[in-house]
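Architecture at a glance
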Amino acid sequence: MNTVRPLAVAATLLALAACGDRPAQQDRSAAERAAAASAASAADASFDKEMGGGAAKPAAEKPVAAKPTVKPAAAKPAAAAAPTKGRPDWVDQVPVAEGKSYAVGGAPKGRRDTARVNARKELASQLRVHIQATTTVNEGEITRIGSGGERVSRAWSNYRSEARASVDRDLDFTTIIAEAEEGKECWALAELDRSAWAAKLRQELETIDARLRGEHERLAAAGGGLRPAAIALRAVGPLAARRESLVNDLMLADPQGTLPVCPIDIVALLQACAKGLGSVTIRLEGAPDAVFAARTQEAMAKQGLAVNERAGSVVVRLALRETQRLLPGQNWTRINVAGSATVVDPNTGNIAGSLQIDESAADPDAGQAKAKMLDKASAAIAKAIDERLIDLLAGGGDIGNGPAVAAPQPAAPAPAPVAPPPAVVQVTPPAPAPGAAAAPAPGVLDQHFIYSDEVFVLDDAFKPGESWSYAKLAKVRQAPSVQTKGQGQFFLIHAGKDVWTEFAYTSRVATPADLTLGQTVIVFEDNSRDSIYYPPIDQKSARTNTWFICRITDVTDLFKQQVMAGGRYQVHTSNIRVAVPLK
């Protein structure tokens, strides 16, 4: 990966002017001041909990850094239980200090929490301005390889987007150091300790580089073929995207520091994956009729999937049932096709994965209804295969007839600098918090588009008398432990924020043996047809729309592949995940 630092990082923060001491409040008794301090501390603790911040680190752990430049007679404003009265100079002239960044947030008087949020947001937005244009992989070079390259480019963009969202909210070393109010306004001053932030970034980079080296060794032993290409992209892609975001942030946190070199050549890996996946051809089997097969092949071609009826490197085997009925009182015909599309290796017969198909259309003319249904079903099959091809190939047996794909090679060492960089203070990375969970290995994506290392979290306990409750998809930041009083820290994928909670569930796709009365399950909500809940149709909807937790309450319709859950909701058996409390 190219780790060449941008020529310059723009400076956006101004010099700090003097800030006067807080006016004495002689007219308040000691008891009143103590009560006010206690109430303010409680409010501060509540706000810090909402922002996901932990307790302040001991002073011994903080890196030594110079204080902000101020006027000789003034001291740096300190965090206080109550805001300073009057408009301090730092509202209009933001401080400047070695290894620190500052920002001011404002709000109406009495809204201290809003001012603090706005200060943190302003600080983050200032930092983000500098990394808007810092990218290390040219997706255009990948895309130009062909249809397989487009898939790799799209996957890489998704990995980078998720990694960027994760880093954007990782400013753990931002604190509010001063507050003030005057008239109808109040303000908060946020400070980011860039030295401590840089130490944290370097520590995480070391962890990611160790995992990348491990993946390199594993893939080197896997040999050639399309499956190793897909496995490499799925295993290395998220790690490399996260690494790229961390390096971009390290440029801001430590502009004069040396950037660590990536242990593998990411560009070469992506290009190799694109070439391998671009050679995939598909043979379609089991279409209800020739018209359906032709429509499906045409839809696949539009998605950039090559079809070869004689020598396809991947077989898509359809098992579909078509039904037709006349809608009562409307004189319309409804035609439905339901079943599955299974991806198979033609050389070994190994199954890479399967997709559920359920599409219908209605029209006064039966022929038009049939045509509409064919268009919808064939487009759904082609889109699902295209979006999940990488995961399907990575999950099944090796797919033949493709070029060998070399494992990612170690990147060439960076050239020695012409002149040594300016001296910087070396910071010892902070030790991990007690009970912190190790970074999980990449999970496996199942047929509901949920990774095996992901969980669902609830706002509150799901009690025996409840019918249902919303469940939110999340990544595990820190597993529950005795040290955290049974709570875990989780990153909500859709909301993009961290939460602490003890109400979390692991899950897996249900088997027929799991479909029993009283079983606690998780169901996808946003794919309902004819009052029946079906599973998500693609990865985006699964990961951005809503799920809910409930219990199976009736199994008398199992012969129709349906159960009743939550007391009144009909759910297709393909849309059920068994929920197990995370402990």
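Check the entry above for the structure.
Structural notes, computed from the coordinates. Every value quoted in this text rests on a predicted model; they were computed, and no experiment measured them. (Residues numbered from 1 in each chain as written. Predicted model: local features only at pLDDT ≥ 70, side-chain atom pairs only at ≥ 80, totals over all residues. Heavy atoms only, no water.)

This part takes up the overall build of the protein chain. Check the secondary structure of the protein chain and you find 10 helices and 21 strands. By the burial criterion, 45% of the 583 residues in the protein chain qualify as buried. Residue pairs in contact within the protein chain that sit at least 24 positions apart in sequence constitute 71% of those at least 6 positions apart. For the protein chain, the accessible surface area stands at approximately 28400 Å², while carbon and sulfur atoms represent 54% of it. (Helix = DSSP H or I, 4+ residues; strand = E, 2+ residues; numbered from the N terminus. Buried < 20%, exposed > 50% of the residue type's maximum accessible area, 1.4 Å probe, protein only. Contact = heavy atoms within 4.5 Å. Areas by Shrake-Rupley, 256 points an atom, 1.4 Å probe, with all protein chains shown as cover.)

Moving on, we come to the packing of aromatic side chains. Scanning the entire structure with this criterion turns up 7 aromatic pairs. Ring centres 6.1 Å apart and planes at 75 degrees place the aromatic pair Trp468 and Phe548 in the edge-to-face group. Linking Trp468 in strand S11 (residues 468-478) with Phe548 in strand S18 (residues 547-554), this pair joins segments that are 80 residues apart in sequence. Under the relative-accessibility criterion, Phe548 is labelled buried at 3%. Aromatic side chains Tyr533 and Tyr569 sit 6.0 Å apart centroid to centroid with 75 degrees between the ring planes, which places their arrangement in the edge-to-face category. Highlighted residues: Tyr533 in strand S17 (residues 532-533) and Tyr569 in strand S20 (residues 569-572), separated in sequence by 36 residues. Across the pair, exposure class does not vary: Tyr533 and Tyr569 are buried alike. Through a chain of ring-to-ring contacts, the aromatic side chains of Trp468, Tyr470, Tyr533, Phe548 and Tyr569 assemble into a single cluster. (Phe/Tyr/Trp six-rings, centres within 6.5 Å; stacked < 30°, edge-to-face > 60°.)

Here we take up the pairing of strand S13 (residues 497-501). In regular strands, side chains alternate between the two faces of the sheet. Here 5 bridges tie strand S12 (residues 488-492) to S13, and the two strands are oriented antiparallel to one another. Directly across from Phe491, in S13, lies its bridge partner Asp498. The loop that links S12 with its antiparallel partner S13 comprises 4 residues; one of these, Gly496, has a positive phi angle of about 70 degrees. (Pairing = 2+ DSSP bridges.)

On to the environment of Ser354. Structurally, the position occupied by Ser354 is in strand S9 (residues 351-363). Each C-alpha atom, one on Ser354 and one on Ile385, is 9.3 Å from the other, the two residues being 31 residues apart in sequence. Setting aside chain neighbours within four positions, we find Ser354 in contact with Ala341, Thr342, Arg388, Leu392 and Gln447.

Time to look at the sheet that holds S9. Sheet architecture is open: 5 strands sit in the order S6-S5-S7-S8-S9, paired in mixed fashion. The open sheet has two edge strands, strand S6 (306-307) and S9, and neither has a second partner. Direction of pairing for strand S8 (residues 332-344) relative to S9: antiparallel, over a ladder of 12 bridges. For Asn336, the partnering residue across the bridge sits in S9 and is Ser360. Where helix H8 (residues 290-302) meets the sheet, its contacts fall on strand S5 (281-285), S6 and strand S7 (314-327), and the angle it forms with S5 comes to roughly 160 degrees. (Axes fitted to C-alpha atoms, helices over the stretch in contact; angles between N-to-C directions.)

In this structure, the second largest pocket encloses a volume near 1100 Å³. As for the second largest pocket, its lining consists of 46 residues, of which Ala338, Ile357, Asp358, Tyr534 and His572 are closest to the centre. Of all the elements in the fold, those that place two or more residues in the lining of the second largest pocket are S7, S8, S9 and helix H9 (366-395). Among the elements that line the lining of the second largest pocket, the one with the most residues is S9, at 7 residues. For the lining of the second largest pocket, a count of residues per class yields 18 nonpolar, 17 polar and 11 charged. (1 Å grid on protein atoms, 1.4 Å probe; cavity = no way out; pocket = protein on both sides within 12 Å on 5 of 7 lines; lining within 4 Å. Points joined across faces, edges and corners; volume = space filled by probe spheres on them. Nonpolar A, V, L, I, M, F, W, Y, C, P; charged D, E, K, R; others polar.)

This part covers helix H5 (residues 194-220). Taking 1.5 Å of rise per residue, the 27 residues of H5 would be expected to cover 39 Å, and the 38 Å separating its terminal C-alpha atoms lies within 8% of that figure. Between a side-chain oxygen at the N-terminus of H5 and the backbone nitrogen of Ser195 the separation is 3.2 Å; the capping residue is Asp193. (Expected span 1.5 Å × (residues − 1). Polar contact = N/O pair within 3.5 Å; in protein donor to acceptor, adjacent residues only side chain to side chain.)

With that settled, the discussion passes to the pattern of salt bridges. Within the structure shown, the criterion is met by 23 salt bridges. With a closest N to O distance of 3.3 Å, Arg317 and Glu285 form a salt bridge. On the criterion of sequence distance, the pair formed by Arg317 in strand S7 and Glu285 in strand S5 is long-range, its members being 32 residues apart. Between Lys302 and Glu298 there is a salt bridge; the shortest N-O distance is 4.0 Å. Of the two residues, Lys302 and Glu298 are both situated in helix H8; the distance of 4 residues between them amounts to about one turn of the helix. (Salt bridge = Lys/Arg side-chain N within 4 Å of Asp/Glu carboxyl O.)

With 13 residues, H8 extends 19 Å between its outermost C-alpha atoms, agreeing within 8% with the 18 Å of an ideal straight helix rising 1.5 Å per residue. Of the residues that open H8, the one with a side-chain oxygen 3.1 Å from the backbone nitrogen of Val291 is Asp289. Gly304 sits one or two positions beyond H8 and adopts a positive phi of about 80 degrees.

This brings us to the sheet that holds strand S3 (residues 174-182). The 4 strands are arranged S1-S3-S4-S2 in an open sheet whose pairing can be described as mixed. Looking at strand neighbours, the two that pair on one side only are strand S1 (84-85) and strand S2 (100-108), the edges of this open sheet. Sheet contacts for H5: S2 and strand S4 (185-193); angle to S4, the most-contacted strand, approximately 50 degrees.

Looking now at unusual backbone geometry. One non-glycine residue with positive phi stands out, namely Lys485, at about 60 degrees. Assessed through its relative accessible area of 77%, Lys485 is described here as exposed. In this structure, Gln561 takes a positive phi of about 60 degrees despite not being glycine.

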